[in-house]
Every structure is written in C-alpha cells, then in structure tokens.
Amino acid sequence: MATRESEASAQRRRADRRGNIPERLNYLFDSVHAAGDKPYSAAEVARWISEHGGSISSVYILKIRNGERLEPNQRFLRDIARFFCVPPTFFIEDDPAEIDGEALNAQILLRDDLVQSMMRRAARLSRGQQEALSGIIDSLLRAEGKEPGDS
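These lines cover the structure that appears in this document, whether it is placed above or below.

Quick notes on the rules
- Residues numbered from 1 in each chain as written.
- Predicted model: local features only at pLDDT ≥ 70, side-chain atom pairs only at ≥ 80, totals over all residues.
- Heavy atoms only, no water.
- Buried < 20%, exposed > 50% of the residue type's maximum accessible area, 1.4 Å probe, protein only.
- Helix = DSSP H or I, 4+ residues; strand = E, 2+ residues; numbered from the N terminus.
- Contact = heavy atoms within 4.5 Å.
- Polar contact = N/O pair within 3.5 Å; in protein donor to acceptor, adjacent residues only side chain to side chain.
- Core = buried A, V, L, I, M, F, W, Y, C linked by side-chain atoms within 4.5 Å.
- Axes fitted to C-alpha atoms, helices over the stretch in contact; angles between N-to-C directions.
- Parallel < 35°, antiparallel > 145°, perpendicular 65-115°, else oblique.
- Nonpolar A, V, L, I, M, F, W, Y, C, P; charged D, E, K, R; others polar.
- Left-handed = near helix turned anticlockwise from the far one by under 90°.

With that out of the way, let us pick up helix 5 (residues 74-84). The α-helix advances 3.6 residues per turn, and as a result positions three or four apart in sequence lie on the same side. Of the residues making up helix 5, those classed as buried are Phe76, Leu77, Asp79, Ile80, Ala81, Phe83 and Phe84. Summarising the contacts, the buried residues of helix 5 are in contact with helix 2 (21-31), helix 3 (42-51), helix 4 (58-65) and helix 6 (101-110). Structurally, the start of helix 5 carries an N-cap: the backbone nitrogen of Arg75 is 2.6 Å from a side-chain oxygen of Asn73. The first or second residue beyond helix 5 is Cys85, which carries a positive phi of 60°.

Structure, rendered in structure tokens:
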C-alpha cells in the first residue's frame with residue numbers, strides 16, 4: 001500500500017517541460033532554486049505574487065503541482081510565470097525552450113528593491129572599493145555559515 005502511494009505521489013510530482021501544466025510547473029520548481037540550491041516553496045511563490053498585485057494561495061499552487069488542478073486559471077499561470085521569470089506561454093507552447101535555472105534565479109534575486117539599490121550604489125564606487133566591498137560581503141557570508149561566491 002505504501003509503495004502504491006509513493007508511486008502515485010512520484011507520478012503526480014513528475015517534472016517535464018513538455019508535459020501537462022503540473023509537470024511544467026514541477027519542472028520550474030525543480031530547475032530554479034534559491035540561494036544554497038534550496039528549491040523555492042509554494043509559500044514563497046504565493047507570497048511574492050501577493051506582494052506584487054496577484055492573489056494565489058500556496059495550497060492552490062501545490063494542487064497544481066500535484067495534478068489536482070489540471071487546467072488552472074490563466075491569471076494564476078501568468079502570475080506564476082512572472083515569479084519564475086518565464087513567459088506565460090511556457091505553460092502552453094508545444095515545445096517550450098529549456099530554461100537556465102541559475103540565470104532565472106539571478107533575475108529573481110535582482111528584482112529585489114534593496115538588492116537593486118545596493119547594486120546602484122556599489123556601481124558608483126571605484127574598482128578598488130568594489131573589490132573591498134566584495135571582500136566584506138564574503139566575510140559576512142562566512143559569518144553566517146554560507147559559502148562566499150557568486151551563487
């Protein structure tokens with residue numbers, strides 16, 4: 001019985017960019033990871049959408065991912081696509097392009113107002129000061145137990 005349930009769960013969570021809508025959504029969640037290679041949660045996606053003029057619950061996102069909502073509202077798909085920085089047509093094209101998860105995550109991180117403000121200010125510094133700032137950031141990351149670098 002438990003094996004049958006895990007097989008059903010695995011089938012529901014199948015990720016395929018050419019599959020049905022749940023499979024395509026799972027492909028996005030599997031491909032685009034937050035810092036530290038941690039996948040975004042449905043709650044994080046729903047929160048961002050709500051903060052940016054949309055409205056969707058994490059439960060609804062999970063229902064799409066699990067195949068309980070095979071034909072979700074197009075507005076929800078547009079909002080989800082906007083979070084992942086892919087065109088809404090990703091969910092309907094016959095053969096959507098493969099995505100570069102790292103590049104999309106960089107876009108997601110760079111749309112934060114505070115990050116943009118810091119980048120604008122850092123860009124005004126001399127090259128030497130930018131290198132010093134980079135060293136400070138690396139030290140802060142190590143202090144938090146995180147690996148310094150571009151990821």
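Here we come to the nonpolar core. Of all hydrophobic cores here, the largest spans 29 residues; its most connected members are Ile61, Ile80, Phe84 and Phe91. Looking at this core, the elements with two or more residues in it are helix 2, helix 3, helix 4, helix 5 and helix 6. If you tally residues by element for this core, the top one is helix 5, at six residues. Leave out the neighbours within four places in its chain, and Ile80 touches Leu25, Ile49, Ile56, Ile61, Ile64 and Phe91.

Following both chains from N to C, one finds helix 3 and helix 5 inclined at 105°, their axes separated by 10 Å at the closest point. In terms of orientation, helix 3 and helix 5 fall into the roughly perpendicular class. On helix 5, the residues that touch Glu44, Val45, Trp48 and Ile49 of helix 3 are Asp79, Ile80, Arg82, Phe83 and Phe84. Residue classes in the contact of helix 3 with helix 5 are distributed as six nonpolar, no polar and three charged.

Phi is positive for Cys85, close to 60°, though the residue is something other than glycine. Looking at where Cys85 falls in the secondary structure, it is placed in the loop between helix 5 and helix 6.

Bringing the side chain of Asn105 into the picture now. In this structure, Asn105 sits in helix 6. Classification of Asn105 as buried rests on a relative accessible area of 7%. A polar atom in the side chain of Asn105 sits 3.0 Å from the backbone oxygen of His33.

One way to put it is that helix 3 packs onto helix 4 with a least axis distance of 8 Å and a crossing angle of 125°. Here helix 3 lies oblique to helix 4, going by the angle between them. By crossing handedness, the relation of helix 3 to helix 4 is classed as right-handed. For the pair helix 3 and helix 4, contact is made by Ala42, Ala43, Val45 and Ala46 and by Ser58, Ile61 and Leu62, respectively. Looking at the contact of helix 3 with helix 4 residue by residue, the class counts come to six nonpolar, one polar and no charged.

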